[in-house]
Amino acid sequence: MESNKQKIYTILSQISDPEMPFLTITDLSIVRKVDYSNKQISISITPTFMGCPALDVIKDDIKNTLNKHGYKKVKVLVQLDPPWTTDWMSDSAFKKLKENRIAVPCHSHQSIRNISFKNFPQDLNAKVICPTCDSEKTKLISKFGSTPCKSLYKCEDCSNPFDYFKKH
Amino acid sequence: MINKDLKNYNLYLYLLRIADTSLIMSQRLSEYCGVAPILEEDLSISNISLDYLGQARFLYTFISEEVPNECTEDDFAFFRDDDEFYNLSISELPNFDFARTIVKVFFLSALQIILWNNLKKSNNVFLSGVAKKSVKEAEYHFEHSSGWINMLGNSTEKARLKTQDAIDYLSPYTNEFFVDDENEKILNKKSMAPLWSNFSKEWHNKINFVLGDTSLNFNLNTQFQSKGKFGLHSEFMSKILSEMQSTARKFPGCKW
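What you are looking at is a predicted structure, and each value in this text was computed from that prediction instead of being measured.

Undergrad: For this particular structure, what's the right way to read the overall build of chain A?
TA: Summing up its helical and strand segments, chain A has three helices and seven strands in all. Split into buried and exposed, the 168 residues of chain A put 35% on the buried side. Of the contacts made within chain A by residues no fewer than 6 positions apart, 51% connect residues no fewer than 24 positions apart.

Undergrad: When you look at the nonpolar core in this model, what are you seeing that I'm missing?
TA: One recurring pattern in soluble globular proteins: nonpolar side chains tend to sit buried together. Residue and element names in this part refer to chain B. Ranked by internal contacts, the top residues of the largest apolar core, which has 103 residues, are Leu-15, Leu-59 and Leu-111. Per-element accounting of this core gives the leading share, 15 residues, to helix α5 (residues 98-119). With residues near it in sequence (within four places) discarded, Leu-111 still touches Phe-177, Phe-199 and Trp-203.

Undergrad: Which parts of the structure should I look at to understand the domain arrangement of chain A?
TA: Interface size is commonly expressed as the accessible surface area that is lost when the partners come together. Partitioning chain A into structural domains gives domain 1 (2-87) and domain 2 (102-165). Taken together, the contact between domain 1 of chain A and domain 2 of chain A spans six residues of the former and five residues of the latter.

Undergrad: Explain the pairing of strand β6 (residues 150-155) of chain A to me, please; I cannot follow it from the model alone.
TA: On any regular strand, side chains alternate: one points to one face of the sheet, the next to the other face. Residues and elements named next belong to chain A. Inspection of the sheet shows strand β5 (residues 138-142) paired to β6 by four bridges, in the antiparallel sense. Its bridge partner lying in β6, Thr-138 is registered against Cys-155. Pairing of β6 with strand β7 (residues 161-165) involves five bridges; the strand directions are antiparallel. If you follow Tyr-153 over to β7, its bridge partner there is Phe-162. Hairpin connection from β6 to β7: five residues lie between these consecutive antiparallel strands, with Ser-159 at a positive phi of about 65°.

Undergrad: Would you mind going over the sheet that holds strand β1 (residues 31-37) of chain A with me for this structure?
TA: Sheets are built from strands paired through backbone hydrogen bonds, the pairs being either parallel or antiparallel. Residue and element names in this part refer to chain A. Strand order in the open sheet made by the three strands is β1-β2-β3, with mixed pairing throughout. Strands at the two margins of the open sheet, each flanked by one partner only, are β1 and β3 (73-78). Across the sheet, the mean angle from the axis of one strand to that of its neighbour is 15°, orientation sign disregarded. Across the sheet, helix α2 (residues 54-68) touches β2 (40-45) and β3, and the angle it forms with β3 is around 160°.

Undergrad: Please clarify how the confidence of the model for chain A should be interpreted in this entry.
TA: The predicted coordinates ought not to be read in detail in places where the model reports low pLDDT. Of all residues in chain A, 87% have pLDDT values of 70 or greater, and the mean over the chain is 85. With pLDDT under 50 throughout, residues 108-116 of chain A is counted as low confidence; its partners more than four residues away or in other chains account for 14 contacts.

Undergrad: Honestly, the environment of B:Glu202 in this entry has me stumped. Any pointers?
TA: In this structure, B:Glu202 sits in helix α9 (residues 200-211). Residues B:Glu202 and B:Leu161, spaced 41 residues apart in sequence, show a C-alpha to C-alpha distance of 26 Å.

Undergrad: Explanation requested: the environment of B:Glu235 in the structure shown.
TA: Residues and elements named next belong to chain B. Structurally, the position occupied by Glu-235 is in the loop between α9 and α10 (236-250). The exposure class assigned to Glu-235 is exposed, which follows from the 8 C-beta atoms found within 10 Å. Glu-235 sits 100 residues away from Val-135 along the chain, and the two C-alpha atoms are 31 Å apart.

Undergrad: Hey, could you run me through the sheet that holds β6(A) in this one?
TA: Residues and elements named next belong to chain A. Ordered in space as β4-β7-β6-β5, the four strands form an open sheet in which the pairing is mixed. If you trace the sheet from one side to the other, it starts and ends with β4 (102-103) and β5, each paired once. Across two bridges, the pairing between β4 and β7 is parallel. Each bridged residue has a counterpart across the sheet, and for Ile-102 the counterpart in β7 is Asp-163.

Undergrad: What is the right way to read unusual backbone geometry from this model?
TA: For residues other than glycine, phi is negative in most cases, and the peptide bonds are mostly trans. Residues and elements named next belong to chain A. A cis amide bond links Asp-81 to the next residue, Pro-82, at an omega of 0°. By secondary structure assignment, the location of Pro-82 is in the loop between β3 and α3 (91-99). If you check the backbone angles, Asn-38 has positive phi at about 50° while not being a glycine. The residue Asn-38 is located in the loop between β1 and β2 in this model. Judged by the 6 C-beta atoms lying within 10 Å of it, Asn-38 is exposed. Notably, Lys-39 is not glycine yet its phi reads approximately 60°, a positive angle.

Undergrad: Quick question: what am I supposed to make of the interface of chain B and chain A here?
TA: In this complex, chain B contributes 28 residues to the contact, which on the side of chain A involves 22 residues. Those elements giving two or more residues to the side of chain B that touches chain A turn out to be α2 (39-66) and α6 (125-153) of chain B. Of the residues forming the side of chain B that touches chain A, the biggest block, 16 residues, is contributed by α6(B). The residue inventory of the side of chain B that touches chain A, partitioned by class, reads eight nonpolar, 11 polar and nine charged.

Conventions used here
Residues numbered from 1 in each chain as written. Chains lettered and ligands numbered in written order. Predicted model: local features only at pLDDT ≥ 70, side-chain atom pairs only at ≥ 80, totals over all residues. Helix = DSSP H or I, 4+ residues; strand = E, 2+ residues; numbered from the N terminus. Buried ≥ 20, exposed ≤ 12 C-beta atoms within 10 Å, placed from the backbone. Contact = placed C-beta atoms within 7 Å. Core = buried A, V, L, I, M, F, W, Y, C linked by C-beta atoms within 7 Å. Domains from an automatic or database assignment. Pairing = 2+ DSSP bridges. Axes fitted to C-alpha atoms, helices over the stretch in contact; angles between N-to-C directions. pLDDT = per-residue confidence, 0-100. Nonpolar A, V, L, I, M, F, W, Y, C, P; charged D, E, K, R; others polar.

Quick look at the structure:
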């Protein structure tokens, strides 16, 4: 049984995220649980954001890919609790993000409750490191970016604009 | 789609109040797509709109899977008339200008943070799951709108006046946030959901904390109470619905 699960997991680890194709859904730890019994597979996934438009695509990709590998009965369940967090992302995911010039979630996120808004739109997440030149002198351009999980930043040393994968 | 004979009617009605508010908010904010004052804000408002849509979809899907008659999330969004919607009235009001839009997000996200934080403790597993996820999103919306309130409130006299106007126009609609009815009381007794009347103090503290850094004021001297969450809507409701629902109704079952 365990080896079957392992096989399925290996297949899943080849499925790309539709919006960041260099990452797989297992890099992102979207896949929470794999069950296999009586030739019936049930897979639980956790969306990064509730309104994530990629969720339906991911569901279809999982079904189609497993079908191609001969698994016909596939059920994909959406599990919200515990909510997805960037802490679950693998080291390889962080490496791939950086290689693709996306800043990785930093761990000094300050909570909304203790801050003043005087410095808006200054950065609330103290240290976002530029993925191009590793400088800490970065500036928030927009809290919302090309996808719900990213914001836009600019590096003040190398002047490159870049995406930041939001810590949450 | 839901009626009083259903076993969990109280829960469904409670969920529809939240889901409908999110859906109508989402539809209103989506009107900004492509026309926001700056590109970054265009992205922000579209993203916030998407978050609201996600919340609504999860709740509609949950209800549609529970009720005996066959229906989907789409039926809830596209095939109900205005008296079957239970959104807070503030969500259906037109955007009018940027100040009013931001103040609306500011008021509603503050409410949502408190609501979701309380619902995390619900003994209903689905509800607590949605709440844990949504509270993070609401905090982000509040952070964003608070930033704007601060910036506009400390900016030119014109910006300050417009923002104060927006607060004065929208504040009477916040009375509705904190009114309970029998439905909420029944659920509260079963430890499924909190009473919204308990949120009032925390909500005002949140709002005033942000306004405190500006010269803007929240002064509310009216007993006016809108009744959107009880199914009684303003004139704007049928217009927003007709725009949102016309395609689905003209071509039932159509697919992209």
